[in-house]
Amino acid sequence: MIHFHDEVHRQKVVHCLQKENRIYPDGRADSYYLPALYLLLSTKNDLYKKTSRYIDRDGIDFEKMLSKQDFPSGERKLIKLAANLFNGSMEVTPSELIDTLDEENFTLALQAIFLKRTSCHVQELLPAAKEVPEPESQARMQIN
């Protein structure tokens, strides 16, 4: 199961993948965009408000993002990790992530690494379908 900070985080990632045409015909999410978007569109501390304008079909402008916006140390590390997972353009060490990130951001970092390694089908990004019990009246009608 994929961990999202909250439902808004999940929706932002899926929406951006769709908007930027990063879901392939077989339903697989782009393995470069997915982990980067997962980090950049995090709703923890509203990171997405600072990063989303630097994402488009042509790529993600990490350099501009970091030079034009002020980010706390932990968020800066997440952005560098996103850039590394996206195209290898920036480096961040495991020690930097371990020593800098709080528990929630560390969990996000680990999930992004997992997403890069495994890729996934867009269905795996959606909330699990809840089984809706059949209304009692319909069940009785079917029996008769």
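Here, every reference points to the structure presented above.
Bear in mind that the values here come from a model prediction, so they are computed numbers and not experimental data.

Enquirer: Summarise the overall build of the chain; cite the residues concerned and give the values.
Expert: Within the chain, the secondary structure is distributed over eight helices and two strands. For the chain, the succession of helices and strands along the chain, N to C, is α-α-α-β-β-α-α-α-α-α. Relative to its 144 residues, the chain shows a buried fraction of 42%. Across the chain, the fraction of contacts at a sequence separation of at least 24, relative to all contacts at a separation of at least 6, is 64%. Of the roughly 8,700 Å² of accessible surface on the chain, 49% is carried by carbon and sulfur atoms.

Enquirer: So what's going on with helix α7 (residues 103–118)? Residues and values would help.
Expert: The terminal C-alpha atoms of α7, which comprises 16 residues, lie 22 Å apart, in line with the 22 Å expected from a rise of 1.5 Å per residue. Listed in full, the buried residues belonging to α7 are Asn105, Leu108, Ala109, Gln111, Ala112 and Leu115. Seen from one end, α7 has its buried residues packed into an arc of 165°, which puts them on one side. Among the exposed residues of α7, those pointing more than 90 degrees away from its buried face are Glu103 and Arg117. Of the surrounding elements, those touching the buried residues of α7 are α1 (7–19), α2 (33–40) and α5 (73–87). In this structure Asp102 caps α7, since a side-chain oxygen of it lies 3.3 Å from the backbone nitrogen of Glu104. Just downstream of α7, Ser119 is the residue with a positive phi angle, here 55°.

Enquirer: Explain the pattern of salt bridges to me, using residue names and the numbers behind them.
Expert: A pair can form between side chains of opposite charge whenever their charged atoms are brought close. This model, assessed by the stated rule, comprises seven salt bridges. Across the salt bridge formed by Asp102 and Lys44, the nearest N and O atoms sit 2.8 Å from each other. Placement of the pair is Asp102 in the loop between α6 (94–100) and α7 and Lys44 in the loop between α2 and α3 (47–51), with a sequence separation of 58 residues. Note on Asp102: relative accessible area 36%, which makes it partly exposed. Overlapping salt bridges, with partners in common, bring together Lys19, Glu20 and Arg57 in one network.

Analysis parameters
- Residues numbered from 1 in each chain as written.
- Predicted model: local features only at pLDDT ≥ 70, side-chain atom pairs only at ≥ 80, totals over all residues.
- Heavy atoms only, no water.
- Helix = DSSP H or I, 4+ residues; strand = E, 2+ residues; numbered from the N terminus.
- Buried < 20%, exposed > 50% of the residue type's maximum accessible area, 1.4 Å probe, protein only.
- Contact = heavy atoms within 4.5 Å.
- Areas by Shrake-Rupley, 256 points an atom, 1.4 Å probe, with all protein chains shown as cover.
- Expected span 1.5 Å × (residues − 1).
- Arc of directions from axis to C-beta.
- Polar contact = N/O pair within 3.5 Å; in protein donor to acceptor, adjacent residues only side chain to side chain.
- Salt bridge = Lys/Arg side-chain N within 4 Å of Asp/Glu carboxyl O.

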